[in-house]
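Working through the structure, step by step
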Amino acid sequence: MHGFGFWVLAVALLLVAPITAHADDPLASEWQKYRDRFIADDGRVRDTGNKDISHTEGQGAAMLFAEALDDRATFDRVWGWTRDTLHRPGSALFAWRWDPNGKTPIADSNNATDGDMLIAWALALAGHRWHVPDYDAAAHRIIVAIREKLIARVAGRLVLLPGSDGFEQKDGSVIVNPSYYIYPALEVFRRLDHSAEWGRLRRDGQRLLARSRFGEWGLPVDWVSVDKGGKVVPDAQQQQPRFGFDAIRIPLYLIWGGAATAQLLAPMMKFWDGFGDKPVPAWIDVTSGAVAPFPAPSGFLAIIDLVRARLHAKPPALPLIAGTDDYYSASLILLADLAQRATGRRELR
């Protein structure tokens, strides 16, 4: 890539890349906690809240953190394990799950689109930061594979499939996970791949989310089904219709990608504020109104604070990683911090 095209890409990457932390920055010590607790010597990221399995989401997130902290040694370890262990033969995508407790660590070779997106995004940023053509080439291969295999058209609009197998139904409906729309990554993909489909997918994803409001609070849910006419309902085949452990990432990626609007964020904030001084539950069933019998972990609270700060145009007071935080909660804390650093006080539309 040369000349004007290179500088366009450089500007795009800077717009969505997190700010590098210096040695005396609190984020540097948070990264050290994360790296020491969750990343094995061989580069495998352990999901401590899920029997120490590893998955592409965790591998990609750790690569993203390592790039942001200018930690190339850790980046290379995590990418090396991911590439060598999870790569699917004949594909640029990756098997989504590796279980150290199973007879066959990779029992399901299907991919997870959000994990592939995080990996490609991290590689693109790392290639730009450290000037490594191999990173750029790997990122481009994954991005093209996502566009060719994981974008479907339903009722005249583009949707992002959660994986290559099992999400397009015989009746023409499609199962979608709204939290897999990683908006800052989509902008990088658009610049690298030069395809108009990425911008279209971004716009159609926001429209999908605007139609994904359910229950008393008008909340999105972890999984939805979009029928061939474009109607969106909570998906009955995946899990209960909850605004929970997946959907909590929706506002994070909206804010980080500059796709957040007050209209999209306000229903979630109204729900959270409704608990006043009481602990916010980890999930709510939008159909029955039942809530989790346990509070939201620190990572959820980091995203809630990010949303509250964005709606009220003030800096958030994000939590630090505590000894009780598992892999997912700690990851959300770091992601929220990077999102805040990358976007500052960008005005809502």
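This one's a predicted model, so the numbers in the text were calculated from it and none came from an experiment.

Across its full length, the protein holds 12 helices and nine strands. Taking 20 Å as the expected radius of gyration for a compact globule of 349 residues, we find that the protein reaches 19 Å, a close match to that expectation. With the principal axes as the frame, the protein shows a C-alpha extent of 50 × 50 × 50 Å. In the protein, which comprises 349 residues, the share counted as buried stands at 58%. Counting contacts in the protein only where the partners sit at least 6 residues apart, residues at least 24 apart contribute 65% of the total. When the accessible surface of the protein is split by element, carbon and sulfur atoms take 52% of a total near 14,900 Å².

Take the environment of A247 next. Relative to the assigned elements, A247 resides in the loop between β8 (242–243) and α9 (249–256). A relative accessible area of 0% places A247 in the buried class. For A247 and P220, which are 27 residues apart along the polypeptide, the C-alpha to C-alpha distance reads 6.8 Å. Apart from the residues within four sequence positions on either side, A247 is in contact with S179, P220, V221 and D222.

Once that is clear, we can look at the confidence of the model for the protein. Averaged over every residue, the pLDDT of the protein is 92; the share at 70 or more is 91%. Confidence over residues 1–19 falls short of pLDDT 50; this stretch has 30 contacts with residues more than four positions distant or in other chains.

This part is about the pairing of strand β3 (residues 151–154). As paired elements, β3 and strand β4 (residues 157–160) share four bridges and run antiparallel to each other. Bridging from a neighbouring strand, I151 pairs with L160 of β4. Between β3 and β4, which pair antiparallel one after the other, the connecting turn spans two residues, and A155 there sits at a positive phi close to 50 degrees.

A few words now on the sheet that holds strand β7 (residues 232–234). Read across the sheet, three strands follow the order β5-β6-β7 without closing on themselves; strand pairing throughout is antiparallel. Lying at the two open borders of the sheet, with one neighbouring strand each, are β5 (174–176) and β7. The average angle at which neighbouring strand axes cross in this sheet is 30 degrees, direction not considered. Here β5 pairs with strand β6 (residues 224–226) via three bridges, running antiparallel.

Take the side chain of D246 next. By the secondary structure assignment, D246 is in the loop between β8 and α9. The class for D246 is buried, based on a relative accessible area of 18%. Beyond its immediate stretch of four places on either side in the chain, D246 contacts N177, S179, D222, W223 and Y328.

Counting across every chain of the model gives 21 aromatic pairs. Summarising the aromatic geometry, the rings of W31 and F65 are spaced 6.3 Å apart at their centres and angled 65 degrees between planes, so their arrangement reads as edge-to-face. Placement of the pair is W31 in helix α2 (residues 26–38) and F65 in helix α3 (residues 56–68), with a sequence separation of 34 residues. Members of the aromatic cluster, connected to one another through ring pairs, are W31, Y34, F38, F65 and Y327. When the ring centre of W283 is taken as reference, the NZ or CZ atom of R242 above it lies at 3.5 Å.

Here we come to the environment of R203. Note that R203 resides in helix α8 (residues 196–210). C-alpha of R203 to C-alpha of R157: the two residues are 46 residues apart in sequence and 9.4 Å apart in space.

Here helix α7 (residues 183–193) crosses α8 at 160 degrees, and the two axes come no closer than 8 Å. Taken together, the axis directions place α7 and α8 in an arrangement best described as roughly antiparallel. Judged by residue contacts, Y183, L186, F189, R190 and D193 of α7 engage W198, G199, L201, R202, G205 and Q206 from α8. Across the contact of α7 with α8, the residue classes break down as five nonpolar, three polar and three charged.

Core analysis: the largest hydrophobic core is formed by 114 residues, its most contacted members being Y34, F75, W121, L123, F189, W256 and W272. In this structure, F75 is in contact with M63, A66, E67, A122, L123, A126, W130 and Y135, ignoring residues within four places of it in sequence.

So, on to the environment of K314. Summarising the element assignment, K314 is placed in the loop between α11 (298–311) and α12 (327–343). Between the C-alpha atoms of K314 and G344, which are 30 residues apart in sequence, the distance is 9.3 Å.

Here we take up α9. Of all eight residues in α9, eight are buried; the element is thus mostly enclosed. Note on α9: the residue one or two positions beyond its end, G258, has a positive phi of about 70 degrees.

So, how was this worked out
Residues numbered from 1 in each chain as written. Predicted model: local features only at pLDDT ≥ 70, side-chain atom pairs only at ≥ 80, totals over all residues. Heavy atoms only, no water. Helix = DSSP H or I, 4+ residues; strand = E, 2+ residues; numbered from the N terminus. Rg over C-alpha atoms; globule rule 2.2 N^0.38 Å. Buried < 20%, exposed > 50% of the residue type's maximum accessible area, 1.4 Å probe, protein only. Contact = heavy atoms within 4.5 Å. Areas by Shrake-Rupley, 256 points an atom, 1.4 Å probe, with all protein chains shown as cover. pLDDT = per-residue confidence, 0-100. Pairing = 2+ DSSP bridges. Axes fitted to C-alpha atoms, helices over the stretch in contact; angles between N-to-C directions. Phe/Tyr/Trp six-rings, centres within 6.5 Å; stacked < 30°, edge-to-face > 60°. Lys NZ or Arg CZ within 6 Å of the ring centre and 35° of its normal. Parallel < 35°, antiparallel > 145°, perpendicular 65-115°, else oblique. Nonpolar A, V, L, I, M, F, W, Y, C, P; charged D, E, K, R; others polar. Core = buried A, V, L, I, M, F, W, Y, C linked by side-chain atoms within 4.5 Å.

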